[in-house]
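# Residue-level structure breakdown
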Amino acid sequence: MTKLKDVHTEHCCIDHGCKYGNENCTVTTGKIQQSYSCMDCEEELKLESNNELLKLIQQHTELLADSVARRRETSAGNKALHTKMLELLSDEDWEGVEGMLRDSWYQKPLDGVICCLNPSDMDVKVKFYNTWSGYEN
Ligand SMILES: [Zn+2]
Ligand SMILES: [Zn+2]
């Protein structure tokens, strides 16, 4: 593939198609490599790391709930969000928990929750941390 740029390389995606519905799209026909991941690609990436984080939470539900509860004690503005998260965790409502992971209002509070995890095995915290920072980027 040649390294050139045109309107397609800036907007289209080999997986998600031509933004302009052009069947001669230089990207979808494989003539030129796209310059960026498209918005759908990024959305998928986010979902993937989101799922990783959810898996960790499913494995360590009590650990996370414990940290959420401690954050709730000291939180000024996010008590309601933490309460909701605790309820979802104790109900094992994973769809609800996933919704919280995606909730832009819960990003900062969740950051604090992950910082305050207190596992007996520090590797667990590192795993959470890496997955979470992967999700943010
Ligand atoms: Zn195109
Ligand atoms: Zn794409």
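I will try to describe carefully the structure that is included in this document. Note that the structure is a prediction, hence the values are computed from the model and not measured.

### Considerations on helix H6 (residues 107-115)
Along H6, the residues classified as buried are Pro109, Leu110 and Val113. All buried residues of H6 fall inside an arc of 95° around its axis, so they share one side. Those residues of H6 that are buried are in contact with helix H3 (61-74) and helix H4 (79-90).

### Section: the environment of Asp40
Note that Asp40 resides in helix H2 (residues 39-59). When the C-alpha positions of Asp40 and Cys13 are compared, they lie 8.9 Å apart, and in sequence the two are 27 residues distant. Each residue touching Asp40, except ones within four places of it in the same chain, is listed here: Cys13 and His16.

How each quantity is defined
Residues numbered from 1 in each chain as written. Chains lettered and ligands numbered in written order. Predicted model: local features only at pLDDT ≥ 70, side-chain atom pairs only at ≥ 80, totals over all residues. Buried ≥ 20, exposed ≤ 12 C-beta atoms within 10 Å, placed from the backbone. Helix = DSSP H or I, 4+ residues; strand = E, 2+ residues; numbered from the N terminus. Arc of directions from axis to C-beta. Contact = placed C-beta atoms within 7 Å.

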